[in-house]
Amino acid sequence: MKSNARVRAWTTVALMTVAGLFAGPAAAAHADPEPAGPCAAGYAAITFDDGPSTLTPAYVRALNDAGWVKATFFLTGAHALDHPQYVTQIAAGGHWIGNHSFSHPFLDELGEPDAFNELLGTNQILQSATGHAPSLFRPPYGRTNPGIRQDATTLGMTEVLWTVDTYDYNGISTDDIVANALTVRPGGIILLHEGYTTTLAAIPRIVEGLAERGLCAGRIVPSTTPTEAWPGTTFFATAAHW
Ligand SMILES: [Zn+2]
């Protein structure tokens, strides 16, 4: 009996080993690979539009608490005039500041020179607050055209759209904001907004979810290859190491 039991035990081990050999590669192909290290899978950019707002200090704190994570804030000139101290706070936190127009209009319907002046005026406000003219521009609602893109270029800015819209402005839950944000692919740019407590609460969970995939929050840089924002619309920027 004793030896039969031992034979059975060895047979079981042998069968498990054979099964493991066959199951191994197939199972590995389906499993989420363990990231080799921080940022092993690359970078994604976290962006917040429409500030600064009264929630700016809490956003900056949440990013610090999440591991001194850096984000890009696309500010409007009007809000920067309302809260100049928060513009300074964003810059002092090591975050990047982009131009999001002065009054958040449909720039493509505004005409020239009004569209250009929306960008120029905002650059002057942001420069006087931080000492630097922004190098990034995001058109409100993503509404742009070649003339507006040229305005940005003339002012030394790269136009930045996004690859993932979290729809955080639609009154959705923090769970849904996190889930939407985490659909981002390496090099992608996540659209979020200032002023929502739901978005504020999503910050640590987005950072954690990116880290689980080996992604780090990156800086937005110009790119020579186009990035697709939505079908038929591309822009020339991506997320990268900073
Ligand atoms: Zn906006």
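Residues numbered from 1 in each chain as written. Predicted model: local features only at pLDDT ≥ 70, side-chain atom pairs only at ≥ 80, totals over all residues. Heavy atoms only, no water.

An unreviewed UniProt entry lists the protein under the name Xylanase deacetylase, with Embleya hyalina as the source organism.

Asker: What is the right way to look at the side chain of Asp168 in this model?
Answerer: The residue Asp168 is located in the loop between strand E6 (164-165) and helix H8 (174-181) in this model. Of the side chains bearing the opposite charge, Arg138 lies closest to the buried Asp168, which forms no salt bridge; the N-O distance is 9.3 Å. Polar side-chain contacts of Asp168 include one of 2.7 Å to the backbone nitrogen of His193. Leave out the neighbours within four places in its chain, and Asp168 touches Ile177, Leu191, Leu192, His193, Tyr196 and Thr199. (Helix = DSSP H or I, 4+ residues; strand = E, 2+ residues; numbered from the N terminus. Buried < 20%, exposed > 50% of the residue type's maximum accessible area, 1.4 Å probe, protein only. Lys, Arg positive; Asp, Glu negative; His and termini not counted. Salt bridge = Lys/Arg side-chain N within 4 Å of Asp/Glu carboxyl O. Polar contact = N/O pair within 3.5 Å; in protein donor to acceptor, adjacent residues only side chain to side chain. Contact = heavy atoms within 4.5 Å.)

Asker: Would you mind showing me how to read the packing of aromatic side chains here?
Answerer: How two aromatic rings sit relative to each other is set out by the distance from centre to centre and by the angle between their planes. All told, the structure shown has six aromatic pairs when counted by the stated rule. Plain terms: the ring middles of Trp96 and Trp242 are 5.8 Å apart, the flat faces sit at 75° to each other, and that makes the pair edge-to-face. Separated by 146 residues along the polypeptide, Trp96 in strand E3 (residues 96-99) and Trp242 in the segment after strand E10 (233-240) bring together distant segments of the chain. Residue classification places Trp242 among the partly exposed positions, given a relative accessible area of 47%. Ring centres of Phe106 and Tyr141 lie 4.9 Å apart, and the angle between their planes is 80°; on these two criteria the pair is classed as edge-to-face. In this pair, Phe106 sits in the loop between E3 and helix H5 (107-110) while Tyr141 sits in the loop between strand E4 (136-137) and helix H7 (146-154), placing the two residues 35 residues apart along the sequence. Judged by its relative accessible area of 48%, Tyr141 falls in the partly exposed class. Site record: aromatic cluster; members linked through ring pairs are Phe48, Tyr59 and Phe73. If you follow Arg143 out to its NZ or CZ, it ends over the ring of Phe106, 3.9 Å from the centre. (Phe/Tyr/Trp six-rings, centres within 6.5 Å; stacked < 30°, edge-to-face > 60°. Lys NZ or Arg CZ within 6 Å of the ring centre and 35° of its normal.)

Asker: Before we go on, may I ask you to explain the coordination of the zinc ion in this structure?
Answerer: Metal coordination angles have textbook ideals: 109.5 degrees for a tetrahedral set of four donors and 90 or 180 degrees for an octahedral set of six. Note on the zinc ion: its protein donors are Asp50 (OD), His100 (NE2) and His104 (NE2). The metal-donor distances range over 2.0 to 2.1 Å. All donors of the zinc ion belong to a single chain; written as a sequence motif, their spacing is D-x49-H-x3-H. Linking Asp50 in strand E1 (residues 42-51) with His100 in the loop between E3 and H5, this pair joins segments that are 50 residues apart in sequence. (Donors = N, O, S within 2.8 Å, 3.2 Å for Na, K, Ca; no water.)

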